[in-house]
Amino acid sequence: MNTLKRTAFLIFCGLAWIKLAFAQEVKRPNIIFMMADDHAYQAISAYDSSLIQTPNIDRIAKAGMLFTNACVTNSICAPSRAVILTGKHSHINGKIDNISPFDTTNITFPQLLQTAGYQTAMFGKLHFGNNPKGFDEFKILPGQGHYYNPDFITPEGTVKVEGYVTDLITDMTLDWLENRREEDKPFLLMYLHKAPHREWEPAERHLQEFTHRTFPEPPTLFDDYEGRGTAAKTAQMNLLKHMNWTGDSKLYPATVEELGLRDFEKWGTGNFNHNYGRLNEKQKINWDETYVPINEAFKRDFPEMDSSQLMQWRYQRYMQDYLGTIAGVDENVGRLLDYLEQNGLMDNTIIVYTSDQGFYLGEHGWFDKRFIYDESFKTPLLVQWPGKIAAGSQNTKMVQNLDFAQTFLEAAGVNAPADMQGESLIPLLQGNDQEWTRESVYYHYYEYPGVHAVKRHYGIVTEDFKLVKFYYDVEEWELYDRKNDPMELRNVYHDPAYAETVKILHEQLSDLRIKYKDSEELDQFYISKSGKMP
Ligand code: SGN
Ligand code: CA
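Source: prediction; values computed, not measured.

## Observations concerning the nonpolar core
Of all hydrophobic cores here, the largest spans 58 residues; its most connected members are Met-34, Leu-177, Phe-298, Val-333, Leu-340, Tyr-353 and Leu-382. Considering each element in turn, this core owes the most residues, eight residues, to helix H12 (residues 307-342). Excluding its chain neighbours within four sequence positions, the residues that come into contact with Leu-177 are Phe-187, Leu-189, Leu-336, Tyr-339 and Leu-340. If you look at the next biggest cluster of nonpolar residues, it comprises 45 residues, including Phe-359, Trp-366, Phe-367 and Val-474.

Structure representation (C-alpha cells):
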C-alpha cells in the first residue's frame, strides 16, 4: 500500500470509528414505566414473601436494582402521577388532590421526550380528569376505571372492551409494541395498572386462588392509636369500622340486610351492584361460585363472632381479594417481560416497576394510604437496565417519585428544565452512591376534608426520624424515632429526651420548605382554593 492509499485507508477507518461511536452514543434507551395502583411493597416477594410470591415482578430486581427506601411526596393517586410526570411537588404543579383536573400547562417529561424524538405511548390508569399530553398513542381508563369489561378513553372516543382490566392493558401494550412501534426511534411506554386498587376484584382465574388461605396478621392489626395524635385516631380507614361489607368484603346486599349490617360509605351497595352488574353471565357464575359460599359461611358464623373475630375475618377477606388482583398484575408483567426478551428489546431498555404510593395491608388496623406513616409513604421501586445497573443490587438511599422525570430525561440525553425539583437517579443506578447528597425528603398531603378523613399534614423524613405537622382543624406535631420505633407507635415530640432532635428537625423542615418553595401562604391558598394552580 503506498502512502496515499495508506492515509486514505486510515482516514476511512477513523471516520468509520467516529460513525460507530456516534451511533452507539445516540442509541438512546427505551423507557418502560410500569406502575400499579396501590401496590404495597409488603405484597412483592422481592421485599417480603410472607403474603404472596410475585416471581415476575421480582425478575426486575434480579436483573437490576431494588430500592428499599423509595417513597412518595404525597401519598395519593393522581397527585403522585402529577409529581412523576412534572418532576415537581404537588404545591408547584397544582395537583394537590384527586379532585380537581390536572393543569395541562405543566410541562411533563413525556412531552420533552416526544419533542426529542421518542415515540410515546400510555396504557391504563391516569386519573387526571383530562387526557395526557405528549403521547403519540394512549388508551386510558376513565377516572378509577373498572376491573371487568372496562371502558377506555382513546383519542377517537370511549370504547367498552370485554375482558379483565389487567389483561386488557397488557394486550393493548403488546399490540402497540408488536404493530406500531417505530424501530428507528427509542420509545417511552407507560404501562399503568388499575389493580390492586379498591374494590379488589381478581380475574376469574384468580377468584379462588387465595380464598382458601389464611394470611399472617400484622402485629399492629388491633392498634388502638394511643401514643399517636388526633389524626391517626380520627382517620376513617379501619378495616373493622370503615370498610364496606358489600363492595370491599363481597357480601351481597341481601346478606348485609339479613344480618342488619350497614356499609360505612353510603356508596357501598351502589358500587357492589354496579360492579356486579358489569359482569357477563359467565363472569357472574364464577363470581357467585366464589362468593356465595363465603356469604353462607359468614351468615352461619356471624352471630357468634366478637369484634376481634370480625376484624380477623375482614383482614383475611381483604387479603384474599387484594392478593388475587396482584396475581393478575404479576402474570401480566411476566407476559410483557417475556415479549421484550423474545424480541431483543431488553438490552437497551430501562424498566421501572413502582406504585403510585404504598398501602396499608392491615398495619395499624388500616387499609388505604395518605399518611406520611411508613406503609403508605414507602413505595416499591425496582429498576433494570442491563449493562448499566448491576444485577441483583440493592439501594438504601431516600429516593422519591419526584426523581423519575429527571432520571428519564438524563438517560435520554435531554436537558431537564431548571425548575424540576427532583434528582436524577442515574448515579445511584450506576452504583455511584457517593454522588448522592440528599439526606432528607419533604412530604405534603392535602385531601382533607375528604374520603378516609386523613388530616392535612406535611413533614420531613430522614433516615432516623420523621417530624410531621398536622394542620387545618388541628395544630399538632408528631415525631417518630424510626430506628427505635419502626412501627411508629410512639409520638416522642413532647419527650424531653428528644428536645434537641426536635429543634434540629424544625430547622431542617423550614429549610426544605424554602428549598421546595412551599409556604404558609400556599397552605392557606390550597385550603381556600382546593386543587387550583396559584
Ligand atoms: C376511592 C376509594 C377510596 C380511595 C380513593 C382514592 N373508595 O374513592 O378508598 O382512597 O378512591 O384512591 S371506593 O369505595 O370507591 O373504592 S386513589 O388511588 O385513586 O387515590
Ligand atoms: Ca393509588
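The rest of the description comes next.
## Considering the site of ligand 1
In the vicinity of ligand 1, 18 residues are found, and the nearest of them are Gln-144, Arg-198, Asp-368, Arg-370 and His-452. The separation between an oxygen atom of ligand 1 and a polar side-chain atom of Arg-198 is 2.7 Å. Protein contacts shield 89% of the accessible area of ligand 1, which totals 460 Å² for the unbound molecule. Of all the cavities here, the one that holds ligand 1 is the largest pocket. The residue inventory of the shell around ligand 1, partitioned by class, reads three nonpolar, seven polar and eight charged.

## Quick notes on the sheet that holds strand S16 (residues 476-481)
Taken together, the four strands give an open sheet; going across it, the order is S13-S14-S15-S16, and neighbouring strands pair in antiparallel fashion. Single-partner strands in this sheet number two, and they are strand S13 (440-445) and S16. Neighbouring strand axes in the sheet, compared pairwise and without regard to direction, differ in orientation by 15° on average. One ladder, built from six bridges, connects strand S15 (residues 465-470) with S16; its direction is antiparallel. Directly across from Leu-467, in S16, lies its bridge partner Leu-479.

## Here's the deal with the pairing of strand S9 (residues 349-355)
The buried count for S9 comes to seven of seven residues, which makes it a mostly enclosed element. As judged from the seven bridges shared by strand S1 (residues 30-36) and S9, these two strands associate in the parallel manner. Paired with Phe-33 across the two strands is Val-352, which belongs to S9. Pairing of S9 with strand S10 (residues 381-384) involves four bridges; the strand directions are antiparallel. Pairing of Ile-351 across the sheet is with Gln-384, part of S10.

## Describing the pattern of salt bridges
Summed over the entire model, instances satisfying the criterion amount to 39 salt bridges. For the salt bridge of Asp-167 with Arg-205, the shortest nitrogen-to-oxygen distance reads 2.8 Å. Residue Asp-167 is found in helix H6 (residues 165-179), and its partner Arg-205 is found in the loop between strand S8 (187-192) and helix H7 (230-234); the two are separated by 38 residues along the sequence. What makes Asp-167 buried here is its relative accessible area of 16%. Classification of Arg-205 by relative accessible area gives partly exposed; the value is 44%. Here Lys-282 makes a salt bridge to Glu-204, at a shortest N to O gap of 3.1 Å. One end of the pair, Lys-282, is in helix H11 (residues 281-301); the other, Glu-204, is in the loop between S8 and H7, and 78 residues separate them in sequence. Each member of the salt-bridge network shares a partner with another, and the members are Lys-469, Glu-475, Arg-513, Asp-518, Glu-520 and Asp-523.

## Digging into the confidence of the model for the protein chain
Taken as a whole, the protein chain shows an average pLDDT of 95; of its residues, 94% reach a score of 70 or greater. The low-confidence segment residues 12-25, where pLDDT is below 50, has zero contacts with residues more than four positions distant or belonging to other chains.

## Focus: the domain arrangement of the protein chain
Interface size is commonly expressed as the accessible surface area that is lost when the partners come together. Considered domain by domain, the protein chain is made up of domain 1 (1-432) and domain 2 (451-530). The centre of domain 1, based on its C-alpha atoms, is set 27 Å off from the matching centre of domain 2. Tallying the contact residues gives 38 residues for domain 1 and 30 residues for domain 2. Together domain 1 and domain 2 conceal approximately 2800 Å² of surface at their shared face, both sides included; 58% is due to carbon and sulfur atoms. Measuring nitrogen to oxygen at the nearest pair gives 3.0 Å for the salt bridge that ties Asp-374 to Lys-466. Here domain 1 and domain 2 share 16 residue pairs in polar contact (both at pLDDT 80 or more) between them. When contributions to the side of domain 1 that touches domain 2 are tallied by element, the ones reaching two or more residues are helix H4 (90-93), H7 and helix H13 (374-377). Its residues assigned to classes, the side of domain 1 that touches domain 2 shows 14 nonpolar, 14 polar and ten charged.

## Notes on unusual backbone geometry
A cis geometry characterises the amide bond from Arg-198 onward to Glu-199, with omega recorded as 15°. Tracing the backbone shows Glu-199 in the loop between S8 and H7. With an omega of 0°, the peptide bond between Tyr-448 and Pro-449 qualifies as cis. Mapped onto the secondary structure, Pro-449 falls in the loop between S13 and strand S14 (457-462). Although it is not a glycine, His-452 adopts a positive phi angle of roughly 75°. Tracing the sequence through the fold places His-452 in the loop between S13 and S14. The phi dihedral of Lys-517 falls on the positive side, at around 65°, and the residue is not glycine.

## Focus on the coordination of the calcium ion (ligand 2)
Here the calcium ion (ligand 2) is held by Asp-37 (OD), Asp-38 (OD), Asp-356 (OD), Asp-356 (OD) and Gln-357 (OE1), and the distances to it run 2.1 to 2.9 Å. Here the calcium ion (ligand 2) binds six donor atoms, and the angle range of 49 to 171° at the metal identifies the geometry as irregular. When the donor residues of the calcium ion (ligand 2) are listed from N- to C-terminus, their spacing reads D-D-x317-D-Q. The same class applies to Asp-37 as to Asp-38, namely buried.

## Comments concerning the layout of surface pockets
There is about 540 Å³ of room inside the largest pocket. In terms of lining, the largest pocket is formed by 25 residues, of which the most central are Gln-144, His-197, Arg-198, Trp-267 and Asn-271. Per-element tally for the lining of the largest pocket: the top contributor is helix H10 (residues 268-278), with four residues. Classifying every residue of the lining of the largest pocket gives six nonpolar, nine polar and ten charged. Here the second largest pocket defines a volume of roughly 330 Å³. In this structure, the second largest pocket is lined by 16 residues; those nearest its centre are Gln-42, Asp-48, Pro-218, Pro-219 and Glu-363. Among the residues forming the lining of the second largest pocket, the class breakdown is eight nonpolar, four polar and four charged.

Thresholds applied
Residues numbered from 1 in each chain as written. Chains lettered and ligands numbered in written order. Predicted model: local features only at pLDDT ≥ 70, side-chain atom pairs only at ≥ 80, totals over all residues. Heavy atoms only, no water. Core = buried A, V, L, I, M, F, W, Y, C linked by side-chain atoms within 4.5 Å. Buried < 20%, exposed > 50% of the residue type's maximum accessible area, 1.4 Å probe, protein only. Helix = DSSP H or I, 4+ residues; strand = E, 2+ residues; numbered from the N terminus. Contact = heavy atoms within 4.5 Å. Near = heavy atom within 4 Å. Polar contact = N/O pair within 3.5 Å; in protein donor to acceptor, adjacent residues only side chain to side chain. Areas by Shrake-Rupley, 256 points an atom, 1.4 Å probe, with all protein chains shown as cover. 1 Å grid on protein atoms, 1.4 Å probe; cavity = no way out; pocket = protein on both sides within 12 Å on 5 of 7 lines; lining within 4 Å. Sits in = over half its atoms within 2 Å of the grid points. Nonpolar A, V, L, I, M, F, W, Y, C, P; charged D, E, K, R; others polar. Pairing = 2+ DSSP bridges. Axes fitted to C-alpha atoms, helices over the stretch in contact; angles between N-to-C directions. Salt bridge = Lys/Arg side-chain N within 4 Å of Asp/Glu carboxyl O. pLDDT = per-residue confidence, 0-100. Domains from an automatic or database assignment. Buried area = accessible area lost by both parts, 1.4 Å probe. Donors = N, O, S within 2.8 Å, 3.2 Å for Na, K, Ca; no water. Tetrahedral: all angles 85-135°; square planar, octahedral: opposite > 155°, others 65-115°. Points joined across faces, edges and corners; volume = space filled by probe spheres on them.

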